[in-house]
Amino acid sequence: MKMKRLDQSERLSALFLMIILIFTSQGAHCELVVSPAGPALVNAVAGTNVTLTVSFSGAPDPAVTWFMGNLPVVTWTIGSDSLPDIDNTKVLRIEQDGSLTFVNVPLNYTNDYTIEMTKSGLGTATTNFTLKVFENIQNVTLSTQPAFAKEGTDRFILQYSMLQGVVEQQMWFFDGREIKTNSHYSVEQRSLVILRPNRSDSGRYTLSLTNPFSNVTTHMNVNVLYGPDEPILIASPAKQFYVSNDSLSLSCHADGFPRPTAEWVFGGQTLSDSQGVLNLTNVRTSQGGVYTCTLLNEETEEKRQKNIILNIYEKPPGNPVCSVQSVNNSNLQYHCRWSGGTPQAQLSFPALSNTSNDAGSFNLTVTASDNLNGKTVTCIADHPVEQNKCHITASSPMEFLPAVRTTVDSEGKIVVSIHCVSEASPKAVVSWSKGSEDVINGTTNQISNNTTQLMIRHYNVSIFLLRNYTCTCHNPLGSQRREIQLRGPSISDSSLFLNQDGTVVTLTWEVPPTSVVTGFDIQMKGPDLLSGNRNGNQTKGNSNRYRTIQKKPGSARSADIFVLNPKSTYWFRVIPRARMTEGEPSEVQRIGPGEGLSGPAIAGIAAGIPCSLLFLLLLCGLIYLCVYCTKNKNRQTRYPMSRAVEKSIATQPDVTPHNLLTGGLKSPPDYNRLQQTPSESTFRTTYEIVCCIRQSHTTGLASHGKNRSDSAENTGSSINQRFKKPPRTDFPRGPHFSVIQGLTNVCLYPTDKTIVPFFANVCACDGKPPVRYFLCNDMKGGPLTALTQNAHSIMQTFYTAINTPTGRANSSECEYTP
């Protein structure tokens, strides 16, 4: 235990001794130390005095050396009487403690400064200072390089300059946001670099410059030049196409800075515009096409172009026209044409083909077939402005009549032209034959280019009269054939018209279609023509023979003859001629006062007298027989009848049609009337006149006015002439008469059917409809007694009745009179 305590004491003693030795050794060692007595970083304004203050320890009067950078500028030993070695005594001055003072410090003394102190035996001690000399920042300006920022260039630089000043810090801002160096911006000393500028870099840029003694901010607006972009072309109003005389405007614009200028070019010519707008009024099809807009950036001289196609349409004039033609006489070629217009119309025949079409003019060939004969085919004409159509119907040749024309050539030879034209679609081609031989185009027979005419030269009437010519009209759908038998000169019909004064006659005539005629001789028989002849071809003469007074060409169909004597009688006829060959004369036409009966008329009268006497004898016998039969009927038993009944029967006429008008069926007899005696009082009955009309001379029913009166008078005249009585002017008139030019028979039918059989075999209309007329007549002793006197008294009664105003249109108008 004691030993342990001893060891601890020894250890503590040793430790204490060691500590004493350490402190003793330190107090004996001296070290040179130098340090800044103020801030190591010193800011100073140029032209002022500034001192870099130091303090040292550890050795008296050390040697001092100041370095500006690595260059010693001041050397001196503190406390020495010798002058310091100073590089620039006007600016630098060393203090007694070794501090360095700058007098009116210039800007170029901004640097790092180091003081080094040395003492023999003690080593060297150093410390560092930084001196920054500043000026106040003044008159800062910004500039760019290049002068304009252009979109798409590599870089654009904003840089600043100033009259004076030292910048300790620069800051750049864009629209208020600080700009840092990145992929788009590079902040460099005294500048800002914009890499690949674009239009979004346009705006306000701000520069802030600062130092410890001043702060300056300046701004600059930067506009990045760009464009023109892709031009935008607009047509207003917007349409797929425009029609002639429409009005529209074209506008052209695009983004760019400065605003691009626009220029319109059409057909190589520059068009005036107003800020890119081109106004077109009342456009024409010639104004349709490609319009080019050129946009120019006058600052960058960049250009952009774009085209717009303007469609101006105009429909073709008129309407489409359809036709059909023959191809090789076996096929049909349908043609549709609607030419003109912008663009041309698309044409097609949908009924014939769904795939074929063409523009402006379209032909489609198909094989002829029966189903195309008479079929209407439509051409569809499709144009942007209007859709239209036309129709065509192909048909086989129709029946036709040939036409013959005769002329005389310069040599005086007859030329006969035969025309055969058949209506057909396509037009029929005509082939000619003579007898069994085909007609060959040559000197004598000449066929026209369209084959419709055959011209026969040097025609000889006597040689060619009996020859038949045949023309056949054919197309792919069929044919028609006609034979032409040429005839000699002849006239088919003629007529004559006299003027009101009876001094001028117009003679007309017709010629058969196939007659060969080159001229006409107008012949007259009668006294001389009066003076004042206005036709140089007329001649005078006075003969009972026919003489030629005019000659007319073959094309003539009338002749005027004047001046005639209206009191004389003339005969006219026309002689057709084929050069020297004369044909049969026309019917003789006569004008002038009437003349006595001719010989044939007298002979006819002489032959007719015996026949008339024989007819009268037969008629008298027939009348006697009828009277006899009637008397026998009156002898039949008479049934008693009261006066009232008898009166009623007399006032109700029987209107049952006669058996001749009802197909031969007879009505049963009225026995009450048969029982009346001749001693009974006078009564009025109704009779029916039946006029059988010759149908070819009936001109119709005169229903009112003047025609009504004329009808009655004509009917009365015919009846009067039949009974050899003078005509009367007071014949009864009424709407029931017909205008009758001739009568074949006149019959009197009482409506009392008891006496009808008496006349049943006397009058018949041969199935033709009769004209009926009712009249009232008073008779003594009853109708049977009155009508059985004799035929003459019956007719005389009839004549008296129709010449008195008792006629009625209806049998019910007759009233009974006791």
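Residues numbered from 1 in each chain as written. Predicted model: local features only at pLDDT ≥ 70, side-chain atom pairs only at ≥ 80, totals over all residues. Heavy atoms only, no water.

## Considering the overall build of the protein
Phase 1 of the analysis: Of the regular secondary structure elements, the protein holds 8 helices and 59 strands.
Phase 2 of the analysis: Counting over 818 residues, the protein shows a buried share of 39%.
Phase 3 of the analysis: Counting only contacts in the protein whose residues sit at least 6 apart along the sequence, the fraction spanning at least 24 positions is 62%.
Phase 4 of the analysis: In the form shown here, the protein has an accessible surface area of approximately 45600 Å², with 51% of it arising from carbon and sulfur atoms. (Helix = DSSP H or I, 4+ residues; strand = E, 2+ residues; numbered from the N terminus. Buried < 20%, exposed > 50% of the residue type's maximum accessible area, 1.4 Å probe, protein only. Contact = heavy atoms within 4.5 Å. Areas by Shrake-Rupley, 256 points an atom, 1.4 Å probe, with all protein chains shown as cover.)

## Description of the state of the cysteines
Phase 1 of the analysis: The tally for this structure, following the rule as stated, stands at 4 disulfides.
Phase 2 of the analysis: The disulfide partner of Cys252 is Cys293, and the gap between their sulfur atoms is 1.8 Å. With the S-S dihedral at roughly -85°, the linkage between Cys252 and Cys293 falls on the left-handed side. Separated by 41 residues along the polypeptide, Cys252 in strand E24 (residues 248-253) and Cys293 in strand E28 (residues 289-297) bring together distant segments of the chain. Neither Cys252 nor Cys293 differs from the other in exposure class; each is buried.
Phase 3 of the analysis: The disulfide bridge from Cys336 ends at Cys379, spanning 2.0 Å between sulfur atoms. The disulfide joining Cys336 to Cys379 has a torsion of about -85° about its S-S bond and is therefore left-handed. One end of the pair, Cys336, is in strand E32 (residues 331-337); the other, Cys379, is in strand E36 (residues 376-382), with 43 residues separating them in the sequence.
Phase 4 of the analysis: Using a relative accessible area of 0% as the deciding quantity, one classes Cys336 as buried.
Phase 5 of the analysis: Owing to a relative accessible area of 0%, Cys379 belongs among the buried residues under this scheme.
Phase 6 of the analysis: Its sulfur unpaired, Cys626 is 6.6 Å from the next cysteine sulfur, which belongs to Cys629. (Disulfide = S-S within 2.5 Å.)

## Overview of the sheet that holds strand E5 (residues 63-68)
Note on sheets: strands pair through backbone hydrogen bonds, and any given pair is parallel or antiparallel.
Phase 1 of the analysis: On the basis of which strands lie adjacent, the open sheet formed by 6 strands has the order E2-E11-E10-E5-E6-E7 and mixed pairing. Every interior strand has two partners, whereas the edge strands, strand E2 (41-45) and strand E7 (85-86), have only one.
Phase 2 of the analysis: Where E5 lies against strand E6 (residues 71-77), 6 bridges are found, and the strand directions are antiparallel. The residue of E6 that forms the bridge with Val64 is Trp76. (Pairing = 2+ DSSP bridges.)

## Topic: the packing of aromatic side chains
Phase 1 of the analysis: For the coordinates displayed, the defined rule picks out 11 aromatic pairs.
Phase 2 of the analysis: Ring centres of Phe102 and Tyr113 lie 5.0 Å apart, and the angle between their planes is 70°; this geometry places the pair in the edge-to-face category. Separated by 11 residues along the polypeptide, Phe102 in strand E9 (residues 100-102) and Tyr113 in strand E10 (residues 111-119) bring together distant segments of the chain.
Phase 3 of the analysis: Three or more aromatic residues link up through ring pairs in this structure, and these residues are Phe102, Tyr109 and Tyr113.
Phase 4 of the analysis: A cation over an aromatic ring shows up here: Lys525 above the ring of Trp571, its NZ or CZ 5.0 Å from the ring centre.
Phase 5 of the analysis: For Arg573, the ring lying beneath its charged end belongs to Tyr546, and the centroid distance is 4.1 Å. (Phe/Tyr/Trp six-rings, centres within 6.5 Å; stacked < 30°, edge-to-face > 60°. Lys NZ or Arg CZ within 6 Å of the ring centre and 35° of its normal.)

## Concerning the nonpolar core
Phase 1 of the analysis: Core analysis: the biggest nonpolar cluster contains 30 residues, and Trp66, Leu92, Phe102, Tyr113 and Leu131 have the highest contact counts within it.
Phase 2 of the analysis: Contributing elements (two or more residues each) for this core: E2, strand E3 (50-52), E5, E6, strand E8 (92-94), E9, E10 and strand E11 (123-134).
Phase 3 of the analysis: Here this core gets 4 residues from one element, more than from any other, and that element is E11.
Phase 4 of the analysis: In this structure, Phe102 is in contact with Thr48, Asn49, Val50, Leu52, Val91, Leu92, Tyr109, Tyr113 and Leu131, ignoring residues within four places of it in sequence. (Core = buried A, V, L, I, M, F, W, Y, C linked by side-chain atoms within 4.5 Å.)

## Considering the pairing of strand E43 (residues 453-459)
The side chains of a regular strand alternate between both faces of the sheet.
Phase 1 of the analysis: The element E43 is largely enclosed, with a buried count of 5 among its 7 residues.
Phase 2 of the analysis: The pairing of strand E39 (residues 414-419) with E43 spans 5 bridges and is classified as antiparallel. Residue pairing across strands places Ser417 opposite Met455, the latter belonging to E43.
Phase 3 of the analysis: Taking the residues between adjacent antiparallel strands as the criterion, strand E42 (residues 445-447) and E43 are bridged by 5 residues, where Thr451 takes a positive phi near 65°.

## Here's the deal with the pairing of strand E18 (residues 191-195)
Phase 1 of the analysis: Of all 5 residues that make up E18, 4 are buried, and the element is covered over most of its length.
Phase 2 of the analysis: When strand E14 (residues 155-164) meets E18, the two strands line up antiparallel, connected through 5 bridges. Bridge pairing links Leu158 to Leu192 in E18.
Phase 3 of the analysis: Both strand E17 (residues 185-188) and E18 contribute to a ladder of 4 bridges, which runs antiparallel. When the bridges of E18 are listed, Tyr185 appears paired with Ile194.
Phase 4 of the analysis: Count of turn residues in the E17/E18 antiparallel hairpin: 2 residues, of which Arg190 carries a positive phi of about 65°.

## Regarding the confidence of the model for the protein
Phase 1 of the analysis: Summing up the model confidence of the protein, the mean pLDDT is 77 and the portion of residues at 70 or higher is 70%.
Phase 2 of the analysis: Counted against residues more than four places away or in other chains, residues 1-6, with its pLDDT under 50, gives 0 contacts.
Phase 3 of the analysis: Here residues 21-29 scores under 50 on pLDDT; set against residues more than four positions off or in separate chains, the count is 0 contacts. (pLDDT = per-residue confidence, 0-100.)

## As for the side chain of Ser515
Phase 1 of the analysis: Relative to the elements of secondary structure, Ser515 occurs in the loop between strand E47 (504-510) and strand E48 (519-526).
Phase 2 of the analysis: Of the polar contacts made by the side chain of Ser515, one reaches the backbone oxygen of Gly488; its length is 2.8 Å.
Phase 3 of the analysis: The contact partners of Ser515, leaving out residues within four places of it in the chain, are Val404, Thr406, Arg487, Gly488, Pro489 and Ser490. (Polar contact = N/O pair within 3.5 Å; in protein donor to acceptor, adjacent residues only side chain to side chain.)

## Regarding the sheet that holds strand E34 (residues 358-359)
Phase 1 of the analysis: The strand order across the open sheet formed by 4 strands is E34-E33-E36-E37, and the pairing between neighbours is antiparallel. Each having just a single partner strand, E34 and strand E37 (387-393) make up the two edges of the open sheet.
Phase 2 of the analysis: Here strand E33 (residues 346-348) runs beside E36; their pairing, made up of 3 bridges, is antiparallel. Opposite Leu347, over in E36, you have Ala381 as the bridge partner.

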